[in-house]
Amino acid sequence: MSSAIPLNVGIARSADSGSADADGGKRVLLAEPRGYCAGVDRAVETVEKALEKHGAPIYVRKEIVHNRHVVETLRERGVIFVDETDEVPEGALVVFSAHGVSPAVHASAAARNLRTIDATCPLVTKVHQEAKRFARDDYDILLIGHEGHEEVEGTAGEAPDHVQLVDGPDSVDRVTVRDESKVIWLSQTTLSVDETMETVHRLRERFPALQDPPSDDICYATSNRQVAVKAMAPECDLVIVVGSRNSSNSVRLVEVALGAGAKAAHLVDFAREVDLAWLDGVRTIGITSGASVPDILVRGVLDLLAEHGFGDVQPVTTANETLVFALPRELRTSRR
């Protein structure tokens, strides 16, 4: 769980330029928190424990989390990633990814007699439960999210006759509802907080009685990482976000950095993808990573930057995260 009290947000500024140390040296501002969230940590550990318990091969529907390094590492250990359950041999073990699946996927797995372990993030499961609850009450559910994202497909699948996807503020004008007094919005957990609230504002202009979800749907970790980037971006000539291009929350961090005042921002999976031309004329670089990124990848970028004069690393800490989720019951150690 994140601390409510901002910590260590003081950023040393140059007396003249505001984007370098007082001695004119180069520096790195390192965002805290960054990297693995509780849901990703649980999902990756779920696959690792399943491998230990059952041996390879283990099947995983979709990517367990959206990170190339994690997926490639698990594949080397005997994990087979598939798009759909009909690619899994009948009776085999399949793990559902952190992004969640629809009831139709569970039914398909049952029809093939698959053994299943559900690694859905509990915060995504919460949104699923909200969708089912409001569908039972016959609400129109406006799901703010990105078309084609696995999390959106899973949530919408809980109540397909009641859910309408709203893919950003520009989609609002296309929304239609049956009863303007029974409308609620939910959201994908990994969105930009600012863009989501802009979409909600536009929706509320059209539907004044629009209800808010019972609790915030955007993941605490997504929000915390965006807050940390906002704190450092105004000081940065360049922000490097470590994360994969299919990671919604990583892509959002680039957008947030630019929106908060960074002069440039780029997304990389690995240190080798950093273009050294980006460093020309740069004094302050901000570093962060998406919620599905192991810290070894950030360390690789820091080592590369240190080789080019950016050895001074200053943390920018805006929250502490201590939340931990229990493993799926199939993998918990029994107590005697």
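The notes below deal with the structure included here. (Residues numbered from 1 in each chain as written. Predicted model: local features only at pLDDT ≥ 70, side-chain atom pairs only at ≥ 80, totals over all residues. Heavy atoms only, no water.)

Topic: empty space enclosed by the protein
Scanning all chains against the criterion turns up two cavities of 30 Å³ or more. Each pocket or cavity is described by its volume, and for the largest cavity that value is around 240 Å³. Taken together, 20 residues line the largest cavity, and the ones lying closest to its centre are C37, V40, H99, T190 and N249. Elements supplying a minimum of two residues to the lining of the largest cavity: α1 (38-54) and α8 (248-259). Partitioned by chemical class, the residues of the lining of the largest cavity number eight nonpolar, 11 polar and one charged. The computed volume of the second largest cavity comes to approximately 60 Å³. Looking at the lining of the second largest cavity, the element that brings in the most residues is helix α6 (residues 193-206), giving three residues. By residue class, the composition of the lining of the second largest cavity is three nonpolar, six polar and two charged. (1 Å grid on protein atoms, 1.4 Å probe; cavity = no way out; pocket = protein on both sides within 12 Å on 5 of 7 lines; lining within 4 Å. Points joined across faces, edges and corners; volume = space filled by probe spheres on them. Helix = DSSP H or I, 4+ residues; strand = E, 2+ residues; numbered from the N terminus. Nonpolar A, V, L, I, M, F, W, Y, C, P; charged D, E, K, R; others polar.)

What to know about the pattern of salt bridges
Enumeration over the complete set of coordinates arrives at 19 salt bridges. For K126, the salt bridge goes to D217, with nearest N and O atoms at 3.0 Å. Of this pair, K126 sits in helix α4 (residues 122-136) while D217 sits in the loop between α6 and α7 (220-232), placing them 91 residues apart in sequence. Owing to a relative accessible area of 24%, K126 belongs among the partly exposed residues under this scheme. What makes D217 buried here is its relative accessible area of 2%. A salt bridge links E255 to R252; the nearest nitrogen and oxygen atoms lie 2.9 Å apart. Of the two residues, E255 and R252 are both situated in helix α8; the distance of three residues between them amounts to about one turn of the helix. By relative accessible area, R252 is classed as buried at 9%. (Salt bridge = Lys/Arg side-chain N within 4 Å of Asp/Glu carboxyl O. Buried < 20%, exposed > 50% of the residue type's maximum accessible area, 1.4 Å probe, protein only.)

Overview of the layout of surface pockets
Any empty space left between atoms is shown by rolling a water-sized probe over those atoms. As a volume, the largest pocket reaches approximately 310 Å³. Lining the largest pocket are 19 residues, with H106, D118, A119, T120 and T125 positioned closest to its centre. Put simply, the parts of the chain that give the lining of the largest pocket at least two residues each are β5 (115-118) and α4. In terms of residue count, α4 provides more of the lining of the largest pocket than any other element does, five residues in total. Looking at side-chain class alone, the lining of the largest pocket contains six nonpolar, six polar and seven charged residues.

Quick look at the packing of α7 against α8
At their nearest, the axes of α7 and α8 sit 9 Å apart, and the two run at 25° to each other. With respect to α8, the axis of α7 lies roughly parallel. In terms of crossing hand, the pair formed by α7 and α8 is right-handed. Every residue of α8 that contacts α7 at T222, R225, Q226, V229 and K230 is listed here: N249, R252, L253, V256 and A257. For the contact of α7 with α8, a count of residues per class yields four nonpolar, three polar and three charged. (Axes fitted to C-alpha atoms, helices over the stretch in contact; angles between N-to-C directions. Parallel < 35°, antiparallel > 145°, perpendicular 65-115°, else oblique. Left-handed = near helix turned anticlockwise from the far one by under 90°. Contact = heavy atoms within 4.5 Å.)

Any functional reading would require information that these geometric values do not contain.
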